[in-house]
Protein chains: 2
Amino acid sequence: MTKHHSTKDKLAWTASKLFQEKGYEGVGLSEILSNAKLPKGSLYHHFQKGKSDLAMAAASYASREMLRIIDDAFVPAKTYDDGMTTLFFKCAKLFDLMGKWNGCPISGTLLSGPRNPAFRDLSNQIFETWIKRIADHAQKLGIGTAEAHDRATHLFVALQGGWTLARAQQSSDVLRQMPKFLKGTPA
Amino acid sequence: MTKHHSTKDKLAWTASKLFQEKGYEGVGLSEILSNAKLPKGSLYHHFQKGKSDLAMAAASYASREMLRIIDDAFVPAKTYDDGMTTLFFKCAKLFDLMGKWNGCPISGTLLSGPRNPAFRDLSNQIFETWIKRIADHAQKLGIGTAEAHDRATHLFVALQGGWTLARAQQSSDVLRQMPKFLKGTPA
DNA sequence: GCAAGCCTAGACCAATCAGTCTAGCCCAGA
DNA sequence: TCTGGGCTAGACTGATTGGTCTAGGCTTGC
């Protein structure tokens, strides 16, 4: 399913999955390395600043995956509400596939750890990218610039908050209910 | 401002603040104890299971604070939209007071840590309590039972997600924009 | 004044942490 | 075939982790 072309990719991918499950501080380097079946030397060769560099690479990796999911939901959509609904259902499915436990890959990796300005800036940049991407799709589906950004922001917070609630409830049902709440919202 | 009647309360309060800032795994017992100016013996006397017991007490403490904020927002409200708007603004202010860094006290404490079923159950119970409380206020303001619950859930996820986005952006602006998105939503 | 027990106090422990360092594999170019 | 260097491999370190344990206040009932 997932091919790792390089040692560096394999480390970022493994770290991403583990950070999603237990958060930045909850995962030790030894755990990452044993999962990736790689020695410590490789890690510090590819990521000179160690764990923090690895976390940022892992978050970037996860962000790319999410952008793909957004595109997959919106490209075939006939209307914005259509794409939004598909996106929530795709995320609900993903949540279930991840064992109904994992958190948002970005906030779990970059916002649950120490007060690190670089982490904060990267998370902001990643979230902005997501919202921008959703807004772009909204515009393509005939929504005006300003409203598109508002709707995208609304969708983002509902997804982020809904995912958190789904974790607590150990059920993706609430994610599937979200489209009902957001549908036809003018702004 | 905050009086601690007992050693136990002081520990729970201190732990709650630190967990909000750095997450469950990000805070060491030594840090909690030095902040509370209490020895380790006291902690293990009052919380037999140690850190995990303390985290659950801290989360319960924080939950009570949030319920008070919800009541403060809705009790004087003339309409649901009124109360909802006040709640978002109160939370935005709180976010700023906390240095624009802290996360949700519940998810940071109970959902960022290890796969602990007791944590998960407690977080679910706490979130349900919040949503129930909001729905109760909605009903008092003339909204029907089913719609009240939907609106409360919608408000909750927007608050949770908005708070996360606010952290990334280091700004509470997005929280203050949320009422505009949710206003008059039929369900 | 004395004893009993709740609670404070902090030394101590094994385990684990992130990070450093050296040794050597292995492939590329000459 | 030899050599240089990108990369793997993992032993090692000092700091810190959560948790245990014993010793001694300090208050309460007599």
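Everything below is about the structure printed above this text.
All of these numbers come straight from a predicted model, not from anything done at the bench.

Rules of the game
- For every chain, the first residue of the written sequence is number 1, and numbering continues from 1 along that sequence.
- Both sets of labels track the order of writing: A upward for chains, 1 upward for ligands.
- Where local features are concerned, this predicted model is filtered to residues with pLDDT of at least 70; where side-chain atom pairs are given and counted, the filter is 80 or more; whole-chain, interface and lining totals use all residues.
- Side-chain calculation: all heavy atoms of the structure are included, whereas hydrogens and water are not.
- Segments assigned H or I by DSSP are reported as helices when at least four residues long, segments assigned E as strands when at least two residues long, and all are numbered from the N terminus.
- Accessibility here uses a 1.4 Å probe with only protein chains present; expressed as a share of the type maximum, an area under 20% marks a residue as buried, one over 50% as exposed, and anything in between as partly exposed.
- Throughout, a contact is declared for two residues whenever any of their heavy atoms are within 4.5 Å.
- Only the protein chains shown count as cover for residues, with accessible areas throughout obtained via the Shrake-Rupley method and a probe of 1.4 Å.
- Positive: Lys, Arg. Negative: Asp, Glu. His and the chain ends are not part of the count.
- Note on charges: their place is set at NZ of Lys, CZ of Arg, CG of Asp or CD of Glu.
- The superposition of copies rests on a least-squares fit of C-alpha positions from residues with pLDDT of 70 or more in both.
- Side-chain atoms alone can form a polar contact between residues adjacent in sequence; in general such a contact is a pair of N or O atoms within 3.5 Å, and within protein one must be able to donate a hydrogen while the other accepts it.
- Geometry of aromatic contacts follows a simple scheme: Phe, Tyr and Trp rings, the Trp one being its six-membered ring, pair when their centres are within 6.5 Å, and the pair is stacked under 30 degrees between planes, edge-to-face over 60, tilted otherwise.
- Only Lys NZ and Arg CZ are tested; either one counts as a charge over a ring when it is within 6 Å of the ring centre and within 35 degrees of the ring normal.
- Under this scheme, a helix contributes an axis fitted over its contacting stretch, all axes are lines through C-alpha atoms, and angles between N-to-C directions fall in the 0 to 180 degree range.
- Any angle from 65 to 115 degrees is called roughly perpendicular, while one under 35 is roughly parallel, one over 145 is roughly antiparallel, and all others are oblique.
- Rotating anticlockwise by less than a right angle from the far helix to the near helix defines a left-handed crossing, while the corresponding clockwise rotation defines a right-handed one.
- Under the convention adopted here, Pro, Cys and the residues Ala, Val, Leu, Ile, Met, Phe, Trp and Tyr are nonpolar, Asp, Glu, Lys and Arg are charged, and Gly plus all remaining residues are polar.
- Throughout, buried area stands for the accessible area (probe radius 1.4 Å) lost by two parts on being put together, summed over both.
- We define a salt bridge as a contact between a side-chain nitrogen of Lys or Arg and a carboxyl oxygen of Asp or Glu at a distance within 4 Å.
- Nearness here has a simple test: a residue counts as near a molecule or strand if at least one of its heavy atoms is within 4 Å of that partner.

S.K.: So, the overall build of chain A: which residues are in play, and what are the values?
M.R.: Helix and strand content of chain A: 9 helices and 0 strands. Projecting the C-alpha coordinates of chain A onto the three principal axes gives extents of approximately 55 × 35 × 30 Å. In chain A, which comprises 187 residues, the share counted as buried stands at 55%. Counting only contacts in chain A whose residues sit at least 6 apart along the sequence, the fraction spanning at least 24 positions is 67%. Summing over all exposed atoms, chain A offers an accessible surface of approximately 8100 Å²; the carbon and sulfur share of this is 52%. Each charge sign in chain A was given a centre, from 25 positive and 17 negative side chains, and these centres are 5 Å apart.

S.K.: Describe in detail the relation of the copies chain A and chain B, supporting the description with residues and values.
M.R.: Between chain A and chain B, the superposition needs a rotation of 180° and an axial shift of 0.0 Å, giving an RMSD of 0.0 Å. Here the copies are linked by what is in effect a two-fold axis. Taking the C-alpha atom as reference, chain A places A:G161 closest to the rotation axis, 2.0 Å from it. The residues that chain A uses at the interface reappear at the interface of chain B in 100% of cases, marking a shared surface.

S.K.: For the side chain of A:T153, give the residues involved together with the corresponding values.
M.R.: Within the secondary structure, A:T153 is located in helix α8 (residues 145-169). Judged by relative accessible area, which is 5%, A:T153 ranks as buried. Within the structure, the side chain of A:T153 is placed 2.8 Å from the backbone oxygen of A:H149, a separation counted as a polar contact. In this structure, A:T153 is in contact with A:I131, B:L165, B:V174 and B:F181, ignoring residues within four places of it in sequence.

S.K.: Residue-level account of the packing of aromatic side chains, with values.
M.R.: Taken as a whole, this structure holds 14 aromatic pairs over all chains when the rule is applied. Between the aromatic rings of A:F95 and A:W163, the centroid separation amounts to 5.5 Å while the plane-to-plane angle is 90°, which identifies the pairing as edge-to-face. Within this pair, whereas A:F95 is found in helix α5 (residues 80-97), its partner A:W163 is found in helix α8, the two being separated by 68 residues in sequence. Summarising the burial analysis for this pair, A:F95 and A:W163 share the class buried. Among the aromatic residues, those joined into a cluster by ring pairs are A:F19, A:Y24 and A:F119. Here the basic side chain of B:R167 rests over the ring of B:W101, its NZ or CZ set 5.5 Å away from the ring centre.

S.K.: How would you sum up the packing of helix α7 (residues 117-140) of chain A against α8(A)? Please name residues and give values.
M.R.: All names here are of chain A. Direction vectors running N to C along α7 and α8 enclose 130°, while the axes themselves pass 8 Å from each other. In terms of their interaxial angle, α7 and α8 are classed as oblique. Of the two elements, α7 crosses α8, and the hand of that crossing is right-handed. Counted together, F127, W130, I131, I134, A135, A138 and Q139 of α7 and T145, A148, H149, A152, T153, L155, F156 and Q160 of α8 form the full contact between these two elements. Split into classes, the residues belonging to the contact of α7 with α8 amount to 10 nonpolar, 5 polar and no charged.

S.K.: Give a description of unusual backbone geometry that names residues and reports values.
M.R.: The residue A:Q170 is not glycine, and still its phi comes out positive at about 55°. The topology assignment puts A:Q170 in the loop between α8 and α9 (173-182). At B:K37, a position not held by glycine, the phi torsion is positive, near 55°.

S.K.: Explain the interface of chain A and chain B residue by residue, including any values.
M.R.: Each partner contributes to the interface: chain A provides 44 residues, whereas chain B provides 44 residues. Summed over both partners, the interface of chain A with chain B comes to about 3600 Å²; 59% of that surface belongs to carbon and sulfur atoms. For the chain A face of the interface with chain B, the top three residues by lost area are A:W101, A:R120 and A:F181, together amounting to 21%. Between chain A and chain B we count 4 salt bridges in total. When the shortest N-O distance is used, the salt bridge between B:E21 and A:R115 registers 2.7 Å. Here chain A and chain B share 13 residue pairs in polar contact (both at pLDDT 80 or more) between them. Among the elements of the structure, α1 (7-22), α6 (105-111), α7, α8 and α9 of chain A are those that each provide at least two residues to the side of chain A that touches chain B.

S.K.: Go over the protein's contact with DNA strand C, please, and point to the residues and values.
M.R.: The local shell around DNA strand C holds 15 residues, among which A:L29, A:K40, A:K51, B:T7 and B:H45 are the closest. Of all atoms in DNA strand C that approach within 4 Å of the protein, 58% are sugar or phosphate atoms. Measuring from a phosphate oxygen of DNA strand C, one finds a side-chain N or O atom of A:Y44 at 2.9 Å. Residue B:H45 places a side-chain N or O atom 2.9 Å away from a phosphate oxygen belonging to DNA strand C. Residue assignment for the surface near DNA strand C shows that the elements contributing at least two residues are α2 (29-36) and α3 (40-46) of chain A together with α3 (40-46) of chain B. By residue number, the principal contributor to the surface near DNA strand C is α3(B), which donates 5 residues. Partitioned by chemical class, the residues of the surface near DNA strand C number 4 nonpolar, 8 polar and 3 charged.

S.K.: Tell me about the protein's contact with DNA strand D, and name the residues and values.
M.R.: By nearness alone, 15 residues border DNA strand D, and A:T7, B:L29, B:K40, B:Y44 and B:K51 come closest of all. Backbone atoms, meaning sugar plus phosphate, form 58% of the atoms of DNA strand D positioned within 4 Å of the protein. Between DNA strand D and B:L29 there is a distance of 2.5 Å, counted from a phosphate oxygen to a backbone nitrogen or oxygen. Within the side chain of B:Y44, an N or O atom sits 2.7 Å from a phosphate oxygen of DNA strand D. Those elements giving two or more residues to the surface near DNA strand D turn out to be α3 of chain A together with α2 (29-36) and α3 of chain B.

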